[in-house]
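Take a look at the letters that make up each chain.
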Amino acid sequence: DAGVTQSPTHLIKTRGQQVTLRCSPISGHKSVSWYQQVLGQGPQFIFQYYEKEERGRGNFPDRFSARQFPNYSSELNVNALLLGDSALYLCASSTGTKTGELFFGEGSRLTVL
Amino acid sequence: AQSVSQHNHHVILSEAASLELGCNYSYGGTVNLFWYVQYPGQHLQLLLKYFSGDPLVKGIKGFEAEFIKSKFSFNLRKPSVQWSDTAEYFCAVKANQGGKLIFGQGTELSVKP
(Lines give C-alpha, C1' and ligand atoms only; values in the text may rest on other atoms or scores of the structure.)
Protein backbone atom coordinates (compact mmCIF):
# COMPACT_ATOMS: atom_id res chain seq x y z
CA ASP A 1 0.00 0.00 0.00
CA ALA A 2 1.19 3.50 -0.78
CA GLY A 3 2.02 5.71 2.14
CA VAL A 4 1.33 9.41 2.42
CA THR A 5 2.51 11.12 -0.74
CA GLN A 6 3.41 14.77 -1.05
CA SER A 7 4.29 17.00 -3.96
CA PRO A 8 6.43 18.73 -4.90
CA THR A 9 9.37 17.38 -2.92
CA HIS A 10 11.45 20.52 -3.33
CA LEU A 11 10.64 24.00 -4.50
CA ILE A 12 12.16 27.45 -4.48
CA LYS A 13 10.13 30.63 -4.36
CA THR A 14 10.86 34.30 -3.85
CA ARG A 15 9.44 36.59 -1.20
CA GLY A 16 5.89 37.67 -1.88
CA GLN A 17 5.03 34.69 -4.06
CA GLN A 18 2.40 32.09 -3.32
CA VAL A 19 2.84 28.34 -3.02
CA THR A 20 0.52 25.32 -3.08
CA LEU A 21 1.60 22.01 -1.56
CA ARG A 22 -0.31 18.80 -2.13
CA CYS A 23 -0.87 15.67 -0.09
CA SER A 24 -2.54 12.33 -0.70
CA PRO A 25 -3.32 10.36 2.45
CA ILE A 26 -3.09 6.64 2.94
CA SER A 27 -6.07 4.89 1.40
CA GLY A 28 -8.89 4.74 3.93
CA HIS A 29 -7.58 7.61 6.03
CA LYS A 30 -10.03 10.48 6.31
CA SER A 31 -7.96 12.94 8.35
CA VAL A 32 -5.06 15.00 7.07
CA SER A 33 -2.82 17.23 9.15
CA TRP A 34 -0.14 19.69 8.11
CA TYR A 35 3.02 20.47 10.06
CA GLN A 36 5.88 22.90 9.52
CA GLN A 37 9.37 21.75 10.45
CA VAL A 38 12.00 24.46 10.56
CA LEU A 39 15.61 23.29 10.54
CA GLY A 40 16.70 22.22 14.00
CA GLN A 41 13.20 22.14 15.48
CA GLY A 42 10.39 19.69 15.85
CA PRO A 43 7.33 19.81 13.61
CA GLN A 44 4.73 22.45 14.47
CA PHE A 45 1.02 21.90 13.89
CA ILE A 46 -0.61 24.04 11.20
CA PHE A 47 -3.97 22.47 10.32
CA GLN A 48 -6.07 19.35 10.70
CA TYR A 49 -8.88 18.41 8.33
CA TYR A 50 -11.40 15.64 8.59
CA GLU A 51 -14.15 14.93 6.10
CA LYS A 52 -13.35 18.21 4.34
CA GLU A 53 -13.84 20.30 7.46
CA GLU A 54 -11.17 22.12 9.42
CA ARG A 55 -10.91 20.50 12.84
CA GLY A 56 -7.91 22.33 14.22
CA ARG A 57 -5.62 25.23 13.50
CA GLY A 58 -2.23 26.06 14.93
CA ASN A 59 -0.71 29.44 15.65
CA PHE A 60 -0.02 30.47 12.06
CA PRO A 61 -1.02 33.68 10.26
CA ASP A 62 -3.92 33.91 7.85
CA ARG A 63 -1.45 33.68 4.97
CA PHE A 64 -1.65 29.95 5.59
CA SER A 65 -4.77 28.17 4.38
CA ALA A 66 -5.70 24.63 3.49
CA ARG A 67 -8.52 22.54 2.20
CA GLN A 68 -9.47 18.90 1.86
CA PHE A 69 -11.13 17.40 -1.15
CA PRO A 70 -13.84 14.69 -1.41
CA ASN A 71 -11.15 12.07 -2.07
CA TYR A 72 -9.48 13.17 1.22
CA SER A 73 -6.42 14.65 -0.47
CA SER A 74 -5.41 18.07 0.73
CA GLU A 75 -3.69 21.25 -0.31
CA LEU A 76 -1.78 23.74 1.82
CA ASN A 77 -1.52 27.27 0.47
CA VAL A 78 0.82 29.94 1.69
CA ASN A 79 0.47 33.48 0.36
CA ALA A 80 2.87 36.42 0.48
CA LEU A 81 5.83 34.22 1.28
CA LEU A 82 8.41 35.40 3.78
CA LEU A 83 11.97 34.21 4.25
CA GLY A 84 10.87 32.64 7.52
CA ASP A 85 8.45 30.35 5.70
CA SER A 86 11.42 28.32 4.49
CA ALA A 87 10.88 24.90 6.03
CA LEU A 88 9.94 21.29 5.48
CA TYR A 89 6.17 21.00 5.25
CA LEU A 90 4.89 17.65 6.43
CA CYS A 91 1.57 16.07 5.74
CA ALA A 92 0.25 13.33 7.98
CA SER A 93 -2.81 11.17 7.70
CA SER A 94 -4.82 9.19 10.20
CA THR A 95 -8.07 7.30 10.30
CA GLY A 96 -9.81 9.91 12.47
CA THR A 97 -9.31 13.09 14.41
CA LYS A 98 -8.96 11.50 17.83
CA THR A 99 -6.92 8.46 16.97
CA GLY A 100 -3.36 8.89 18.02
CA GLU A 101 -1.10 7.58 15.34
CA LEU A 102 -0.18 9.84 12.47
CA PHE A 103 1.52 8.56 9.35
CA PHE A 104 3.82 11.12 7.80
CA GLY A 105 4.86 11.80 4.24
CA GLU A 106 8.39 12.71 3.26
CA GLY A 107 7.56 16.38 3.10
CA SER A 108 7.87 19.29 0.73
CA ARG A 109 10.98 21.36 1.28
CA LEU A 110 10.26 25.01 0.57
CA THR A 111 13.05 27.54 0.19
CA VAL A 112 12.10 31.20 0.05
CA LEU A 113 14.73 33.55 -1.37
CA ALA B 1 -0.43 25.47 26.77
CA GLN B 2 1.03 22.06 26.13
CA SER B 3 4.76 21.79 25.56
CA VAL B 4 7.32 19.05 25.18
CA SER B 5 10.95 19.31 26.24
CA GLN B 6 13.71 17.01 25.10
CA HIS B 7 16.76 17.32 27.28
CA ASN B 8 19.48 16.50 24.81
CA HIS B 9 20.00 18.21 21.49
CA HIS B 10 22.76 15.93 20.24
CA VAL B 11 23.91 12.61 21.68
CA ILE B 12 26.98 10.75 20.48
CA LEU B 13 27.43 7.10 21.44
CA SER B 14 29.57 4.17 20.44
CA GLU B 15 27.95 0.98 19.20
CA ALA B 16 26.69 -1.29 21.99
CA ALA B 17 26.34 1.61 24.42
CA SER B 18 23.04 2.06 26.21
CA LEU B 19 20.73 4.90 25.27
CA GLU B 20 18.31 7.02 27.24
CA LEU B 21 16.71 10.11 25.75
CA GLY B 22 14.76 12.33 28.08
CA CYS B 23 11.33 13.76 27.36
CA ASN B 24 9.13 15.83 29.63
CA TYR B 25 5.78 17.36 28.81
CA SER B 26 3.53 19.91 30.40
CA TYR B 27 -0.16 19.13 30.39
CA GLY B 28 -2.37 18.35 33.31
CA GLY B 29 -4.87 16.07 31.65
CA THR B 30 -4.80 12.66 30.06
CA VAL B 31 -2.32 12.40 27.24
CA ASN B 32 -1.18 10.06 24.54
CA LEU B 33 2.60 9.92 24.13
CA PHE B 34 4.75 9.06 21.15
CA TRP B 35 8.31 8.71 20.00
CA TYR B 36 8.99 9.24 16.32
CA VAL B 37 12.26 8.64 14.49
CA GLN B 38 13.54 10.34 11.36
CA TYR B 39 16.38 8.50 9.64
CA PRO B 40 18.52 10.57 7.28
CA GLY B 41 16.57 11.32 4.12
CA GLN B 42 13.47 9.49 5.29
CA HIS B 43 10.08 10.44 6.67
CA LEU B 44 9.03 10.44 10.30
CA GLN B 45 8.22 6.95 11.52
CA LEU B 46 6.52 5.88 14.71
CA LEU B 47 8.81 4.06 17.16
CA LEU B 48 6.29 3.50 19.92
CA LYS B 49 3.24 4.97 21.58
CA TYR B 50 1.52 5.04 24.94
CA PHE B 51 -2.23 5.40 25.28
CA SER B 52 -3.04 3.65 28.54
CA GLY B 53 -2.23 0.57 30.59
CA ASP B 54 1.28 -0.72 31.22
CA PRO B 55 3.51 2.37 31.48
CA LEU B 56 6.45 0.44 30.02
CA VAL B 57 5.95 0.42 26.29
CA LYS B 58 7.94 -1.63 23.82
CA GLY B 59 8.39 -0.44 20.27
CA ILE B 60 10.17 -1.45 17.12
CA LYS B 61 13.89 -2.15 16.77
CA GLY B 62 14.40 -2.88 20.47
CA PHE B 63 13.32 0.53 21.74
CA GLU B 64 11.20 0.99 24.83
CA ALA B 65 9.86 3.93 26.81
CA GLU B 66 8.51 4.39 30.29
CA PHE B 67 5.67 6.72 31.15
CA ILE B 68 6.07 8.19 34.64
CA LYS B 69 2.95 10.23 35.25
CA SER B 70 4.19 11.86 38.45
CA LYS B 71 7.23 13.18 36.61
CA PHE B 72 5.42 14.04 33.37
CA SER B 73 8.13 12.07 31.61
CA PHE B 74 8.31 9.59 28.76
CA ASN B 75 11.97 8.65 28.35
CA LEU B 76 13.17 6.51 25.47
CA ARG B 77 15.64 3.69 26.09
CA LYS B 78 17.58 1.06 24.21
CA PRO B 79 20.03 -1.30 25.92
CA SER B 80 22.51 -1.50 23.05
CA VAL B 81 22.55 0.91 20.13
CA GLN B 82 23.68 0.13 16.61
CA TRP B 83 25.18 2.34 13.93
CA SER B 84 21.85 2.08 12.07
CA ASP B 85 20.13 3.88 14.97
CA THR B 86 21.76 7.12 13.86
CA ALA B 87 18.77 9.42 13.35
CA GLU B 88 16.78 12.23 14.87
CA TYR B 89 14.31 11.29 17.59
CA PHE B 90 11.20 13.27 18.43
CA CYS B 91 8.98 12.96 21.47
CA ALA B 92 5.38 14.07 20.97
CA VAL B 93 2.27 14.44 23.09
CA LYS B 94 -1.41 14.63 22.21
CA ALA B 95 -4.13 15.67 24.59
CA ASN B 96 -6.50 12.74 24.94
CA GLN B 97 -9.35 14.45 23.18
CA GLY B 98 -7.31 16.56 20.87
CA GLY B 99 -6.11 15.91 17.36
CA LYS B 100 -2.80 17.70 17.13
CA LEU B 101 0.60 16.44 18.16
CA ILE B 102 2.95 18.69 20.07
CA PHE B 103 6.55 17.78 19.28
CA GLY B 104 9.73 18.34 21.19
CA GLN B 105 12.64 19.96 19.44
CA GLY B 106 14.26 16.63 18.67
CA THR B 107 17.43 14.81 19.70
CA GLU B 108 20.02 13.97 17.10
CA LEU B 109 21.65 10.62 17.85
CA SER B 110 24.99 9.76 16.26
CA VAL B 111 26.27 6.23 16.77
CA LYS B 112 29.94 5.62 16.02
CA PRO B 113 30.77 2.18 14.56
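Scroll up to find the structure this text is about.
All values derive from a computational prediction rather than experimental measurement.

K.L.:
An account of the overall build of chain A is needed here, citing residue identities and associated values.
P.N.:
Tallying secondary structure elements over chain A gives 0 helices and 11 strands in all. Beginning at the N terminus, the succession of helices and strands in chain A can be written as β-β-β-β-β-β-β-β-β-β-β. On C-alpha atoms alone, chain A measures out to a radius of gyration of 13 Å, which is about the 13 Å that the 2.2 N^0.38 rule sets for 113 residues. Every one of the 113 residues in chain A was classed for burial, and the buried ones make up 50%. With an accessible surface of roughly 5400 Å², chain A has 48% of that area assigned to carbon and sulfur atoms. Once the 11 positive and 9 negative side-chain charges of chain A are each reduced to a mean point, those two points are 6 Å apart.

K.L.:
Residues and numbers for unusual backbone geometry, please.
P.N.:
Between Ser7 of chain A and the following residue, Pro8 of chain A, the backbone shows a cis peptide bond with an omega angle of -10°. We note that Ala16 of chain B has phi near 80°; this positive angle belongs to a residue other than glycine. Tracing the backbone through its elements, the reader meets Ala16 of chain B in the loop between strand E2 (10–14) and strand E3 (19–21). Take Ala16 of chain B: its relative accessible area is 54%, and that puts it in the exposed class. Residues other than glycine seldom take positive phi values, yet Phe72 of chain B does so here, at roughly 50°. Here Phe72 of chain B is to be found in the loop between strand E8 (64–68) and strand E9 (73–78). Phe72 of chain B gets classed as partly exposed once you look at its relative accessible area, which sits at 35%.

K.L.:
Now, about the interface of chain B and chain A: what can you tell me, with residues and values included?
P.N.:
Contacts between the two partners involve 20 residues from chain B, matched on the other side by 19 residues from chain A. For the chain B and chain A pair, buried surface summed over both sides reaches about 1500 Å², with 55% attributable to carbon and sulfur atoms. Summed over the shared surface of chain B and chain A, the number is 1 salt bridge. Joining chain B to chain A, the criterion identifies 3 residue pairs in polar contact (both at pLDDT 80 or more). The class makeup of the residues in the side of chain B that touches chain A is 8 nonpolar, 9 polar and 3 charged.

K.L.:
For the pairing of E2 of chain B, give the residues involved together with the corresponding values.
P.N.:
Two faces belong to every sheet, and in a regular strand the side chains alternate between them. Residue and element names in this part refer to chain B. Every second residue of E2 is oriented toward a common face, the buried set being Val11 and Leu13 and the non-buried set His10, Ile12 and Ser14. In the sheet, E2 pairs with strand E12 (residues 107–112) via 5 bridges, with the strands oriented parallel. Bridge assignment links His10 to a residue of E12, and that residue is Glu108.

K.L.:
Before we move on, can you summarise the nonpolar core with the specific residues and values?
P.N.:
Grouped together as the largest cluster of nonpolar side chains are 29 residues, with contacts concentrated most on Leu33, Trp35, Leu47, Leu48, Phe74, Leu76 and Tyr89 of chain B. In terms of nonpolar packing, the next biggest core, distinct from the first, is built from 22 residues, Val4, Leu76, Val78 and Tyr89 of chain A among them.

K.L.:
A description of the pattern of salt bridges should follow, citing residues and the corresponding values.
P.N.:
All told, the structure shown has 10 salt bridges over all chains when counted by the stated rule. For Arg67 of chain A, the salt bridge is made with Glu75 of chain A, and the minimal N-O distance between the two is 3.3 Å. The class for Arg67 of chain A is partly exposed, based on a relative accessible area of 44%. Using a relative accessible area of 12% as the deciding quantity, one classes Glu75 of chain A as buried. Here Lys49 of chain B and Glu101 of chain A are joined by a salt bridge, their closest N and O atoms 3.1 Å apart. Of this pair, Lys49 of chain B sits in strand E6 (residues 45–50) while Glu101 of chain A sits in the loop between strand E9 (87–94) and strand E10 (103–104), each in a different chain. Exposure remark for Lys49 of chain B: the relative accessible area of 35% places this residue in the partly exposed category. Salt bridges sharing partners connect three or more residues here, namely Lys58, Glu64, Glu66 and Arg77 of chain B.

K.L.:
Residue-level account of the state of the cysteines, with values.
P.N.:
Residue and element names in this part refer to chain A. Considering all chains together, one arrives at 2 disulfides over all chains under this definition. In this model, Cys23 is linked to Cys91 through a disulfide, with the two sulfur atoms separated by 1.8 Å. Classification of the bridge connecting Cys23 and Cys91 rests on its S-S torsion, roughly -65°, and on that basis the disulfide is left-handed. Of this pair, Cys23 sits in strand E3 (residues 19–24) while Cys91 is found in strand E9, placing the two residues 68 residues apart along the sequence.

What counts, and at which threshold
- Residues numbered from 1 in each chain as written.
- Chains lettered and ligands numbered in written order.
- Predicted model: local features only at pLDDT ≥ 70, side-chain atom pairs only at ≥ 80, totals over all residues.
- Heavy atoms only, no water.
- Helix = DSSP H or I, 4+ residues; strand = E, 2+ residues; numbered from the N terminus.
- Rg over C-alpha atoms; globule rule 2.2 N^0.38 Å.
- Buried < 20%, exposed > 50% of the residue type's maximum accessible area, 1.4 Å probe, protein only.
- Areas by Shrake-Rupley, 256 points an atom, 1.4 Å probe, with all protein chains shown as cover.
- Lys, Arg positive; Asp, Glu negative; His and termini not counted.
- Charge placed at Lys NZ, Arg CZ, Asp CG, Glu CD.
- Contact = heavy atoms within 4.5 Å.
- Buried area = accessible area lost by both parts, 1.4 Å probe.
- Salt bridge = Lys/Arg side-chain N within 4 Å of Asp/Glu carboxyl O.
- Polar contact = N/O pair within 3.5 Å; in protein donor to acceptor, adjacent residues only side chain to side chain.
- Nonpolar A, V, L, I, M, F, W, Y, C, P; charged D, E, K, R; others polar.
- Pairing = 2+ DSSP bridges.
- Core = buried A, V, L, I, M, F, W, Y, C linked by side-chain atoms within 4.5 Å.
- Disulfide = S-S within 2.5 Å.

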